[in-house]
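Commentary on secondary and tertiary structure
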Amino acid sequence: EIVLAVDGLGKTYPNGTEAVKGVSFDLRRGEIHAIVGENGAGKSTVMKMLYGLEQPTTGRIAVAGQQVRLTTPQDAIDLHIGLVHQHMMLLESLSVAENIALGAEPVRGPFLDRAKMNREVAEVAATYGMNIDPAATVARLAVGQKQRIEILKVLYKGARILLLDEPTAVLTPQETRDLFKAIRGLTELGMTVVFITHKLVEVKEVADRVTVMRDGQVTGRVEPRDVTVAK
Ligand code: ADP
Ligand code: ADP
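Presented here is a report on the structure given in the accompanying data block. (Residues numbered from 1 in each chain as written. Chains lettered and ligands numbered in written order. Predicted model: local features only at pLDDT ≥ 70, side-chain atom pairs only at ≥ 80, totals over all residues. Heavy atoms only, no water.)

A closer look at the site of ligand 1
In the vicinity of ligand 1, the contacting residues are Tyr13, Asn15, Thr17, Ala19, Glu38, Asn39, Gly40, Ala41, Gly42, Lys43, Ser44 and Thr45. In this structure, an oxygen atom belonging to ligand 1 sits 3.1 Å away from a main-chain N or O atom of Ala41. With respect to ligand 1, the side chain of Thr45 contributes an N or O atom lying 2.5 Å from an oxygen atom. The element contributing the most residues to the shell around ligand 1 is helix 1 (residues 43-50), with three residues. For the shell around ligand 1, the residue count by class is three nonpolar, seven polar and two charged. (Near = heavy atom within 4 Å. Polar contact = N/O pair within 3.5 Å; in protein donor to acceptor, adjacent residues only side chain to side chain. Helix = DSSP H or I, 4+ residues; strand = E, 2+ residues; numbered from the N terminus. Nonpolar A, V, L, I, M, F, W, Y, C, P; charged D, E, K, R; others polar.)

Structure (structure tokens):
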């Protein structure tokens, strides 16, 4: 089942930079799909177009077989697409549950009862196999835990397709393994994950499918087992 398809997608920025040129790929339900490429390959631009942060110059995006226009992040959220940023976007002085509830306000409405909010956030976390303390202050958490909260925030808004922007950039090797275990668990629950990276070794370890980008174009599609990593 193809949950999202990109066909001939292109983006030329106002300054004339052709960041993305005729990119096509699809996401299958329940897969972990890596988009790999060096800096400047156009990976972030593709992600931004999938989240309504940039408008394509050419090409089409289809979600569940229907062509869509993603004009703003809200359009993406409405289609159950969520973006997890490379830079943590959490409010450090607030609790885990407050961050998650605040992020979901446009979708779920304001939370008035703190105990209820904590309970509900913990319940949702548990359904995704995440063991969290909803009352913990975000500033006290390790970076890997913060990222887990970011992912939960996106899930709580109803995302079923998760876009991860360089998710391992600031993680230790152990945190990276924990992250990949967590996202594998999510795909087993029917989520689809696409992440961008320039680290080939990660792709080999975790991805079900790989799209390789260079100079704004797709230059290859490989099975992770065929990825060779120079030692
Ligand atoms: P990657 O994520 O693979 O590093 P990007 O999508 O960030 O690639 O960038 C692709 C190309 O587009 C690069 O040449 C980059 O400098 C350029 N670019 C990115 N954002 C903008 C922008 N807002 N305006 C102009 N050029 C941009
Ligand atoms: P980077 O290119 O370093 O990975 P980000 O992807 O975090 O940076 O953000 C790229 C740009 O998109 C920034 O200018 C940021 O302000 C904007 N942006 C990020 N998230 C949102 C959002 N949810 N709504 C509107 N703009 C956003």
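Observations concerning the site of ligand 2
Neighbouring residues of ligand 2: Lys48, Leu53, Pro73, His85, Gln86, His87 and Asp165. With respect to ligand 2, the side chain of His85 contributes an N or O atom lying 3.3 Å from an oxygen atom. One of the side-chain nitrogen or oxygen atoms of Asp165 is found 3.2 Å away from an oxygen atom of ligand 2. Alone, ligand 2 offers 560 Å² of accessible surface; in the complex the protein occludes 47% of this. Partitioned by chemical class, the residues of the shell around ligand 2 number two nonpolar, three polar and two charged. (Areas by Shrake-Rupley, 256 points an atom, 1.4 Å probe, with all protein chains shown as cover.)

Considerations on the layout of surface pockets
In this structure, the largest pocket encloses a volume near 330 Å³. Lining the largest pocket are 15 residues, and of these Gly129, Met130, Asn131, Ile132 and Arg148 sit closest to its centre. Mapped by element, the contributors of at least two residues to the lining of the largest pocket are helix 5 (143-156) and helix 6 (173-188). Of the residues in the lining of the largest pocket, the class split is eight nonpolar, three polar and four charged. Put simply, the second largest pocket is a space of about 230 Å³. Surrounding the second largest pocket, Val36, Gly37, Glu38, Asn39, Gly40, Ala41, His198, Leu200, Val212, Met213, Arg214 and Asp215 form its lining. Ranked by the residues each element gives to the lining of the second largest pocket, the list is headed by strand 9 (residues 209-214), at three residues. For the lining of the second largest pocket, a count of residues per class yields five nonpolar, four polar and three charged. (1 Å grid on protein atoms, 1.4 Å probe; cavity = no way out; pocket = protein on both sides within 12 Å on 5 of 7 lines; lining within 4 Å. Points joined across faces, edges and corners; volume = space filled by probe spheres on them.)

Quick word on helix 5
Since the α-helix packs 3.6 residues into each turn, any two residues three or four apart lie on the same face. Its 14 residues give helix 5 an end-to-end C-alpha distance of 20 Å, which sits within 8% of 20 Å, the value for a rise of 1.5 Å per residue. Where burial is concerned, most of helix 5 is hidden: twelve out of the 14 residues are buried. Burial in helix 5 covers these residues: Gly144, Lys146, Gln147, Arg148, Ile149, Glu150, Ile151, Leu152, Lys153, Val154, Leu155 and Tyr156. Buried positions along helix 5 lie against strand 6 (81-84), helix 3 (96-108), helix 4 (114-127), strand 7 (161-165) and helix 6. (Expected span 1.5 Å × (residues − 1). Buried < 20%, exposed > 50% of the residue type's maximum accessible area, 1.4 Å probe, protein only. Contact = heavy atoms within 4.5 Å.)

Things to note about the pairing of strand 6
The side chains of a regular strand alternate, first on one face of the sheet and then on the other. Neither face of strand 6 is open: one carries Ile81 and Leu83, the other Gly82 and Val84, and all of them are buried. Bridging between strand 6 and strand 7 involves four bridges; their strand directions are parallel. Looking across to strand 7, one finds that Ile81 is bridged to Ile161. (Pairing = 2+ DSSP bridges.)

Some points on the nonpolar core
Val96, Ile132, Ile151, Leu152, Leu155, Leu162 and Ile183 are the most contacted members of the largest nonpolar core, which has 41 residues in total. Counting residues per element, the ones that place at least two in this core are strand 3 (32-36), helix 3, helix 4, helix 5, strand 7, helix 6, strand 8 (192-197) and helix 7 (200-206). Among the elements that take part in this core, helix 5 stands out by supplying six residues, more than any other. Setting aside chain neighbours within four positions, we find Ile151 in contact with Val84, Met130, Leu162, Leu179, Ile183 and Leu186. If you look at the next biggest cluster of nonpolar residues, it comprises 29 residues, including Leu4, Val46, Ile61 and Met213. (Core = buried A, V, L, I, M, F, W, Y, C linked by side-chain atoms within 4.5 Å.)

Some thoughts on the packing of aromatic side chains
One pass over the structure, following the stated rule, counts one aromatic pair. Between Phe180 and Phe195 the ring centres are 5.9 Å apart and the planes differ by 45°, which places this aromatic pair in the tilted class. On the criterion of sequence distance, the pair formed by Phe180 in helix 6 and Phe195 in strand 8 is long-range, its members being 15 residues apart. Both residues of the pair, Phe180 and Phe195, belong to the buried class. (Phe/Tyr/Trp six-rings, centres within 6.5 Å; stacked < 30°, edge-to-face > 60°.)

What about empty space enclosed by the protein?
Think of a ball as big as a water molecule: rolled over the atoms, this probe shows where empty space is left. Enumeration over the complete set of coordinates arrives at one cavity of 30 Å³ or more. By volume, the largest cavity amounts to about 40 Å³. Tyr51, Ile77, His80, Ile81, Gly82, Leu83, Val154, Lys157, Gly158 and Ala159 together form the lining of the largest cavity. Counting residues per element, the lining of the largest cavity draws most heavily on strand 6, which supplies three residues. When grouped by side-chain class, the residues that make up the lining of the largest cavity number six nonpolar, three polar and one charged.

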